[in-house]
Amino acid sequence: MERILRGIMRYRNTTREQMVKEFQRVRDNPEPKAVFFTCMDSRMIPTRYTDTHVGDMFVVRNAGNLIPHAHHFQDEHFSCEPAALELGCVVNDIRHIIVCGHSDCKAMNLLYMLRDPDFASKNNRRLSSLRSWLCTHATTSLEKFLEWGEKGMRDPLIFYSESGLRRFVAYIDPDNQFAIEDKLSQINTLQQVSNIASYGFLKPRLESHDLHIHALWFDIYTGDIYYFSRGSKRFVPVDEQSVEKLTEEVKRYYS
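Definitions and limits used
Residues numbered from 1 in each chain as written. Predicted model: local features only at pLDDT ≥ 70, side-chain atom pairs only at ≥ 80, totals over all residues. Heavy atoms only, no water. UniProt positions renumbered as here; feature names shortened; annotations may be inferred. Helix = DSSP H or I, 4+ residues; strand = E, 2+ residues; numbered from the N terminus. Buried < 20%, exposed > 50% of the residue type's maximum accessible area, 1.4 Å probe, protein only. Contact = heavy atoms within 4.5 Å. Pairing = 2+ DSSP bridges. Axes fitted to C-alpha atoms, helices over the stretch in contact; angles between N-to-C directions. 1 Å grid on protein atoms, 1.4 Å probe; cavity = no way out; pocket = protein on both sides within 12 Å on 5 of 7 lines; lining within 4 Å. Points joined across faces, edges and corners; volume = space filled by probe spheres on them. Nonpolar A, V, L, I, M, F, W, Y, C, P; charged D, E, K, R; others polar. Polar contact = N/O pair within 3.5 Å; in protein donor to acceptor, adjacent residues only side chain to side chain. Phe/Tyr/Trp six-rings, centres within 6.5 Å; stacked < 30°, edge-to-face > 60°. Lys NZ or Arg CZ within 6 Å of the ring centre and 35° of its normal.

Next up on the list: the UniProt feature "binding site: Zn(2+)" (unreviewed entry) in the protein. Here, the residues flagged by UniProt with the feature "binding site: Zn(2+)" (unreviewed entry) are Cys 39, Asp 41, His 102 and Cys 105. With the annotated positions falling across 67 residues, the maximum pairwise C-alpha distance of 9.1 Å places them together in a single cluster. Residue position: Cys 39 is located in strand β1 (residues 34-39). Judged by its relative accessible area of 4%, Cys 39 falls in the buried class. Leaving out residues up to four positions away in the same chain, Cys 39 has contacts with Met 44, Arg 61, Asn 62, Ala 63, Gly 64, Asn 65, Cys 100, His 102 and Cys 105. Secondary-structure assignment places Cys 105 in the loop between β3 (96-102) and α5 (106-113). If we ignore the near neighbours within four places in the chain, the residues touching Cys 105 are Cys 39 and Gly 64.

Structure below.
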């Protein structure tokens, strides 16, 4: 806490004045462009690695960057995540939703361990809020991962996207670059796209192509950001070689 208080004083003496100017610029008419879901991991600082500023995004963070599927709720508003979707995409008319997973995700590492039925039992879940959260809202991700593993981890996976009639194909880590838990993390990130599309209050905008869902994945050890390309059917690193092609794809798919 002392470090935080000292940090506040440094902020007051350095960047506060500039930040207040930014607050004043957007205070009466903020126009955020995205709702950004990511993990609460302390290494994930989305405004820094996307170079976004005051007023640019709504950011929602939780353990494992999960958006619960609507079927978990009798009333689909009874959770922070759909409430954030409504605030961002209905109240504020935001057109882009981004889900960002990452490597060495402690929640995904635990989800991988929940393959063990005893470890995932109801009695054990009562002992851990985190375990219960993952067993309730990340089971579909784990099931997809296990099914994919049984087939040799080479076949593509299919995810539902903006509507029941729209799907996309995904090859997970075809170059075998990442740890097994990171492969699960990428599958989980893509599963959230389907979960977001399950909410009825988003359906009209999704079906009219007025609302778009994207997936990013951050490798915390290299600092590389991957964008899921529906054209390439895989996570593609965003770099000098790919950025123009990815930009054109975004325009083509989501404009």
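Looking now at the sheet that holds strand β6 (residues 212-218). Here we have 6 strands laid out as an open sheet, ordered β2-β1-β3-β6-β7-β8, and mixed in their pairing. Looking at the sheet topology across the chains shown, the edges are occupied by β2 (57-62) and β8 (234-237). Averaged over all pairs of adjacent strands, the angle between their axes in this sheet comes to 30 degrees, without regard to strand direction. In the packing of helix α9 (residues 180-196) onto the sheet, the strands contacted are β3, β6, β7 (225-229) and β8, and the crossing angle to β6 comes to about 165 degrees.

A few words on the layout of surface pockets. Here the largest pocket is characterised by a volume of approximately 540 Å³. Taken together, 20 residues form the lining of the largest pocket, with Ile 98, His 214, Leu 216, Tyr 227 and Val 250 sitting closest to its centre. Residue assignment for the lining of the largest pocket shows that the elements contributing at least two residues are β1, β3, β6, β7 and α11 (243-254). The element that contributes the greatest number of residues to the lining of the largest pocket is α11, accounting for 5 residues. Looking at side-chain class alone, the lining of the largest pocket contains 12 nonpolar, 5 polar and 3 charged residues. Looking at the second largest pocket, its volume works out to about 400 Å³. If you go around the second largest pocket, the residues you meet are Tyr 11, Thr 15, Met 19, Glu 22, Ile 45, Thr 47, Arg 48, Thr 52, His 53 and Val 54. Looking at the lining of the second largest pocket, the elements with two or more residues in it are α2 (16-26) and α3 (46-49).

To continue, consider the environment of Thr 139. Mapped onto the elements, Thr 139 comes out in helix α8 (residues 139-150). Residues Thr 139 and Leu 114 lie 25 residues apart in sequence; the distance between their C-alpha atoms is 9.2 Å. Looking at Thr 139, its side chain comes within polar contact range of the main-chain oxygen of Cys 135, at 2.3 Å.

Once that is clear, we can look at the pairing of β7. With 5 of 5 residues buried, β7 lies mostly within the body of the structure. Here β7 shows no split at all, with Ile 225, Tyr 227 and Ser 229 on one side and Tyr 226 and Phe 228 on the other all buried. Judged from the 3 bridges that link them, β6 and β7 form a sheet pairing that is antiparallel. Looking at the pairing, Trp 217 lines up with Tyr 226 of β7. Inspection of the sheet shows β7 paired to β8 by 4 bridges, in the antiparallel sense. Within β8, the position partnered with Phe 228 by the bridge is Phe 235. As consecutive antiparallel partners, β7 and β8 are separated by 4 residues, and within that stretch Lys 233 has a phi angle of approximately 65 degrees, a positive value.

On to the packing of aromatic side chains, then. This structure, assessed with the given rule, holds 10 aromatic pairs. Note on Phe 178 and Trp 217: the rings are 4.9 Å apart at their centroids and 65 degrees apart in plane angle, and the pair reads as edge-to-face. In this pair, Phe 178 sits in the loop between β5 (167-170) and α9 while Trp 217 sits in strand β6, placing the two residues 39 residues apart along the sequence. The rings of Phe 159, Phe 168, Phe 228 and Phe 235 are connected pair by pair, giving a single aromatic cluster. Geometry around Phe 119 places Arg 131 over its ring, the cationic atom sitting 4.1 Å from the centre.

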